[in-house]
Amino acid sequence: MLLTLSHSYAQPPTPYVVKPGQRYIRNITIQIGGIFEDTSSAGYRLANQLKYKTHESVIRTELLFKEGDRFNPYLIKQTERNLRLQRYLRQIRVVPTFDGDAVDVSISAQDSWTLIPYLSYSSGTGQSNRGIGLSDSNLFGKATRLETRYQEQASRQSYGIALTDPQFLGTRKNFLLAAADRSDGTVFQAGYGLPFRSLEQRDAWSFDTGKQNTVGRLWDAGTENYIFRQHLDNFSALYTFAGPSAQPAQADDPFTGIYKGQTILSQRYSVGYAYTNANFYQASLQDYQDLDLDPATVSNNPADLPFNRRFSGPVFQYQTIEPRFITMNYIDRFDRPEDYNLGDESLIQLQLAPRSLGSLDNAALPSLNRSRGWRTSDQSFLRGEIGGSTRVQQDTVSNSLIRAEAKYYSVIGDLFMGQRFLGRHTFASQFYIDFGDKLDRDRQLLLGADTGLRGYEINTFEGDKRVVLNLEERSHLADDVLQLVSLGTAVFIDVGSASRESLGSMLTDDLYGDIGVGLRLCFPRATGGGIVRIDIAVPLRDGPDGSKSGEPRVIFAAGQLFGARLRSEVVGAENTSSSIGFDR
């Protein structure tokens, strides 16, 4: 039978560029629809009635323009991108209508169901992960997220609560407060700040602090082989101001909304202060009991204990951002357009930590990150980044990490065999490599079922070097069945290794792999359109965790194993290289 392709499904919003001239924004209308458009069922009507509707003021706070402002197509497009980042909204449209010099802007969105009973169960990875709780990512329709949960994971039990408000007291400031009481200790985190929302915003600032008293762990073959008590404290304050790009835009960009000759604030300069303090102690008998470990089964060598660290001093950053956005559907979720920047982004950071400001030794901590992307066709793209961090202390260089990653996605589209529909297909892939040198003793590069090799247990492989390749063919078979669930499948290949041997030896002797198939369940009208996956992975080689070649492993987990977001977009470019490899 002949295989044929079709791209008849809904496309992302149409790109456009309109030079502003003397145009001004005359009216702004906002329409927020219910969770379900089809209200023929009593259940759908009841859900719409029970859900607190998102307040119009929440949408207006996210707008980068107001009535009377000069029309700026970039701010229209950036507002749409910002609204798509709000997980409690879906089907976002920001559409300008022109009437001479007047522009009327229509904004439409649909609410998602945000009050979610948290039920988590993940198995087949070698470590069971169970949890129960309740979360609401749009509390009372005000964009506030409140979450509380009980979790059992890797011998730890924890009770936690978190409050996140991206519009604190009706402003554009962020507020975060989170705490957890775990069987092995306590964790606290707080933050407050004004983040950047566009490349026309002139400044931003942030304050962050955290405190942790828990048991740290080192792993080998999927089990703990050394534990220690860790007391961690951190505080940072940062102010950033933005300056204009080196030259105006050289061409119209209909996807980003920037017109030829426009100048944006694409260079950012930051200054601040950072304090980190880490103290380590030999594990007590109570620590072993907290993790349900027998002291006789792990190392008790004092030589394995990490050295104490304290760094206190000013931080300097320089960042450049080239906006070149694309919007694509069926990437990491089902029918939800997502935005990706293919422009060149770079960040250089330096912290100076002298003894005179409280550091244990004079130190310098530089890091850098650079990313960019390429649109390889109308339905495919490649994104990549490189980064690194190190520490210079008493004429020695240590705790160094160099890393690189690449993501390639191709939305193949509707596939048919004759008249039989075979699903909407997306080819997804990622490659990443981390290379460490003289890493701190509490730092390991781990690899297993949750980080790239589904055929083996979590934390089966460890080392100061790591390499992973994931290839996945995703098929979206049915969208929005009964307006409740979407169904899909996946076929995948995983290859990777983590080792302390030489890179050449790791690539020739220590590579492991698996192949498998999976089922994907998506709940498109729930917050974020989250995905549940069930994977059956078959190892291609016996593993040190006891996994046998050819014996399938069934994995139940939430979310895709990997996504199109770069690691710098998940944890922040300033933290990407320095935060990898710690058990927190």
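All values derive from a computational prediction rather than experimental measurement. (Residues numbered from 1 in each chain as written. Predicted model: local features only at pLDDT ≥ 70, side-chain atom pairs only at ≥ 80, totals over all residues. Heavy atoms only, no water.)

## Section: the overall build of the protein
For the protein, the helix and strand inventory stands at 6 helices and 28 strands. In terms of overall dimensions, the protein is globule-like: its C-alpha atoms have a radius of gyration of 25 Å, near the 25 Å expected for 584 residues. The buried share among the 584 residues of the protein stands at 51%. Relative to all contacts within the protein whose residues are 6 or more apart in sequence, the contacts with residues 24 or more apart total 63%. Accessible surface, the protein: about 26,200 Å² in total, of which carbon and sulfur atoms supply 58%. Averaging the coordinates of the 62 positive side-chain charges in the protein and doing the same for the 67 negative ones gives two points 5 Å apart. (Helix = DSSP H or I, 4+ residues; strand = E, 2+ residues; numbered from the N terminus. Rg over C-alpha atoms; globule rule 2.2 N^0.38 Å. Buried < 20%, exposed > 50% of the residue type's maximum accessible area, 1.4 Å probe, protein only. Contact = heavy atoms within 4.5 Å. Areas by Shrake-Rupley, 256 points an atom, 1.4 Å probe, with all protein chains shown as cover. Lys, Arg positive; Asp, Glu negative; His and termini not counted. Charge placed at Lys NZ, Arg CZ, Asp CG, Glu CD.)

## Considering the sheet that holds strand β4 (residues 102–111)
In any sheet, the strands associate via hydrogen bonds between backbone groups, in a parallel or an antiparallel arrangement. Judged by pairing direction, the sheet is mixed, and its 3 strands sit side by side in the order β2-β4-β3 without closing on themselves. Sheet topology places β2 (24–33) and β3 (89–99) at the edges, where each strand pairs with a single neighbour. Neighbour-to-neighbour, the strand axes of the sheet open up by a mean angle of 15°, direction not taken into account. Of the strands in this sheet, β3 and β4 are in contact with helix α3 (residues 73–84), which crosses β3 at around 165°. (Pairing = 2+ DSSP bridges. Axes fitted to C-alpha atoms, helices over the stretch in contact; angles between N-to-C directions.)

## Re the pattern of salt bridges
One pass over the structure, following the stated rule, counts 43 salt bridges. Note that Asp434 is salt-bridged to Arg466, the shortest N-O span being 2.7 Å. With Asp434 in strand β21 (residues 420–437) and Arg466 in strand β24 (residues 465–481), the pair connects residues that are 32 residues apart, well separated along the chain. Across this residue pair, the class does not change: Asp434 and Arg466 are buried. (Salt bridge = Lys/Arg side-chain N within 4 Å of Asp/Glu carboxyl O.)

## Overview of the confidence of the model for the protein
Reading fine detail from the predicted coordinates is not recommended where pLDDT is low. Confidence in the prediction of the protein, expressed as mean pLDDT, is 89, and 94% of residues score 70 or more. Per-element confidence in the protein ranges from a low mean pLDDT of 45 for strand β1 (residues 3–6) to a high of 97 for strand β14 (residues 309–321). Of the regions scoring below 50 in pLDDT, residues 1–11 engages in 32 contacts with residues more than four places distant in sequence or in other chains. (pLDDT = per-residue confidence, 0-100.)

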